[in-house]
Amino acid sequence: MFHLLDIIGTMAFAMSGALTAMHKKLDPFGIFIIAFVTAVGGGTLRDVMIGRTPVGWMLDVNYVYFIVIGYVFAIIFRKKFDRLKTSLFFFDTIGLGVFTLIGLEKGINIGLHPVICIALGTMTACFGGVIRDILCTEIPVIFRREIYATICILGGIVFFLLRKLNLDSDILYLTTSLFIISVRLMAVKFKWHLPTLGYK
Amino acid sequence: MFHLLDIIGTMAFAMSGALTAMHKKLDPFGIFIIAFVTAVGGGTLRDVMIGRTPVGWMLDVNYVYFIVIGYVFAIIFRKKFDRLKTSLFFFDTIGLGVFTLIGLEKGINIGLHPVICIALGTMTACFGGVIRDILCTEIPVIFRREIYATICILGGIVFFLLRKLNLDSDILYLTTSLFIISVRLMAVKFKWHLPTLGYK
Amino acid sequence: MFHLLDIIGTMAFAMSGALTAMHKKLDPFGIFIIAFVTAVGGGTLRDVMIGRTPVGWMLDVNYVYFIVIGYVFAIIFRKKFDRLKTSLFFFDTIGLGVFTLIGLEKGINIGLHPVICIALGTMTACFGGVIRDILCTEIPVIFRREIYATICILGGIVFFLLRKLNLDSDILYLTTSLFIISVRLMAVKFKWHLPTLGYK
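None of the values given here were measured: they were computed from a predicted structure.

A.B. asks: Now, about the UniProt feature "transmembrane region" (unreviewed entry) in chain A: what can you tell me, with residues and values included?
C.D. replies: UniProt annotation of "transmembrane region" (unreviewed entry) refers to residues 6–22, 29–45, 57–76, 88–104, 110–135, 147–165 and 171–190 of chain A when read in the numbering used here. Along residues 88–104 of chain A the backbone is 100% helical and 0% strand, and the end-to-end C-alpha distance reaches 24 Å.

So, in structure tokens, the structure goes:
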């Protein structure tokens, strides 16, 4: 189940990367690389920083295949993505929830401080998109608009609070994922966003 | 003492990152990430490249707290930074000296060649700022103006020359830091800079 | 022989980095860093991601010297590079062939799946240029024009097909390099390129 959600998230991230790259008029190779780094960039950065090498996707070639599927799908249906937007957004949100938890878990496994684990969760979920935007020479969208990374941080805090209650691990994971996913849905529905700070 | 300087440098770098990000009108989360990577980016890159993982700041959560303090400070006093500019510049220069030495030391500890150690020192001191500029889609300022990284390289050379004299390690560190700090102060006071090379 | 080609490739990549940086009017330090990352960036990324640390160039200071030579050469002859363009292009193509093979080999050595090895080969050959372009705030050229990375992928596929024939390892390496080099020469001569995908 959890693994299935991981696959859905990976494919959704690959598609969102491919769509950004097509907007920038990249060639098919460039689009593929952007799809790839959007999907695995956050986890790769996390693995490299905690010394979990070779990084995750290198040990399971299936990730490459899922990304290829997402990429091909995005190219074929590129003219229909207005209608598919809602589905893509939903899958992307699943990815956000699942990847945050995967990141948290990796940090806990090697005994890092909760604050650092939350950083790892946020990095896993959000930094694929940061690398995508940098490769397209845009200031990363999550630094400018939308509560996105902030939800991962909140999700991480909820996770560690619930963890003190000695809940069953499955319930703990499920609750945190659902928290992240529903806050994200509400944030977009009600247009929540962080204020920009005036400077001089 | 040395640890105190490390903290001062970390906070100064976090503040300089936050200020750059506020100029770019990022939201509070974006500003925090930029503050964070400016403060720890150079050391993180170094640790990842020498295989010292989990990277430094993950093992000492205090760094996160110091960065949060620098970040909050920068946000609160953002309208007064014209008057605080000199202090910030001074702290930033302390960071430059201290971080160069920390980088040099990590290289020496694992027996790398002096040239590589100097590269590690320069990376530790300067690449947080490089990553900051890239995330803000600017060509890194240290590639364009100001003798900055060059001073770290000179400092590294001075370090290895003095080391041959079998000085006490405290004196060696102190002298090198003071060298870097004073050359930087002079470079800014007398507006030293590297020439740009004409191309065609 | 293979080592000599590695040196030629490293110097050619350093020169191509220096030339890009001079076009951007960077100062001499900035030009050097861009030359450096263009030459070793792909291999560094690969080493970090497979956990081969300290990364390659840190263990053999000669790479630094070869890069310095390429850098000085590019600066001295910067006004004559129109005439030297063909030679530089030829050396760069040698680098492409050699670096792809080095990357493939590192992956095979640690028992990774062929698809992952091909990714490592492509990364080794192409990502120095990607980092160069990002540091100069350009969308990486290999994502936009020219069959470049695609040739590395094809070369990797040829390598694994030939490998099934149980060829002598020297012949296998030579054939694959020559394949990559000649396809690249033809691609440029006959102006082969990937189509851009229209998006709406």
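A.B. asks: Break down the packing of aromatic side chains for me, with residues and values.
C.D. replies: Under the definition given, this model contains 24 aromatic pairs over all chains. Within the aromatic cluster, the residues linked to one another by ring pairs are Phe32, Phe36, Trp57 and Tyr71 of chain A.

A.B. asks: I'd love a proper account of the interface of chain B and chain C, names of residues and values included.
C.D. replies: Taken together, the contact pairs 35 residues of chain B with 33 residues of chain C. Of the roughly 2,800 Å² buried between chain B and chain C on both sides combined, carbon and sulfur atoms contribute 75%. Inspection of the chain B/chain C interface yields zero salt bridges. On the surface where chain B and chain C come into contact, there are two residue pairs in polar contact (both at pLDDT 80 or more). Of all the elements in the fold, those that place two or more residues in the side of chain B that touches chain C are α2 (28–50), α6 (114–135) and α7 (149–163) of chain B. The greatest single-element share of the side of chain B that touches chain C, amounting to nine residues, is contributed by α6 of chain B. For the side of chain B that touches chain C, the class distribution of residues is 23 nonpolar, seven polar and five charged.

A.B. asks: Give me helix α7 (residues 149–163) of chain C: which residues, what numbers.
C.D. replies: With 15 residues, α7 of chain C extends 21 Å between its outermost C-alpha atoms, agreeing within 8% with the 21 Å of an ideal straight helix rising 1.5 Å per residue. Residues of α7 of chain C that are buried: Ala149, Thr150, Ile151, Cys152, Gly155, Gly156, Phe159, Phe160 and Leu162 of chain C.

A.B. asks: Can you break down the relation of the copies chain B and chain C residue by residue, with the values?
C.D. replies: Taken as rigid bodies, chain B and chain C are interconverted by a rotation of 120° and an axial shift of 0.0 Å, the fit giving an RMSD of 0.0 Å. The operation mapping one copy onto its partner corresponds to a three-fold rotation axis. Mapped onto chain C, only 9% of the interface residues of chain B again fall at the interface, so the copies present different surfaces.

A.B. asks: Any details on the nonpolar core? Residues and values, ideally.
C.D. replies: Among the nonpolar cores identified, the biggest contains 218 residues, and Trp57 and Met58 of chain A, Trp57 and Met58 of chain B together with Trp57 and Met58 of chain C are the most heavily contacted of them. Not counting residues within four places of it along the chain, the set of residues in contact with Trp57 of chain B comprises Met49, Ile116, Ala119 and Met123 of chain A together with Phe36, Val40, Thr44, Tyr63 and Val64 of chain B.

Conventions used here
Residues numbered from 1 in each chain as written. Chains lettered and ligands numbered in written order. Predicted model: local features only at pLDDT ≥ 70, side-chain atom pairs only at ≥ 80, totals over all residues. Heavy atoms only, no water. UniProt positions renumbered as here; feature names shortened; annotations may be inferred. Helix = DSSP H or I, 4+ residues; strand = E, 2+ residues; numbered from the N terminus. Phe/Tyr/Trp six-rings, centres within 6.5 Å; stacked < 30°, edge-to-face > 60°. Contact = heavy atoms within 4.5 Å. Buried area = accessible area lost by both parts, 1.4 Å probe. Salt bridge = Lys/Arg side-chain N within 4 Å of Asp/Glu carboxyl O. Polar contact = N/O pair within 3.5 Å; in protein donor to acceptor, adjacent residues only side chain to side chain. Nonpolar A, V, L, I, M, F, W, Y, C, P; charged D, E, K, R; others polar. Expected span 1.5 Å × (residues − 1). Buried < 20%, exposed > 50% of the residue type's maximum accessible area, 1.4 Å probe, protein only. Least-squares fit on C-alpha atoms with pLDDT ≥ 70 in both. Core = buried A, V, L, I, M, F, W, Y, C linked by side-chain atoms within 4.5 Å.

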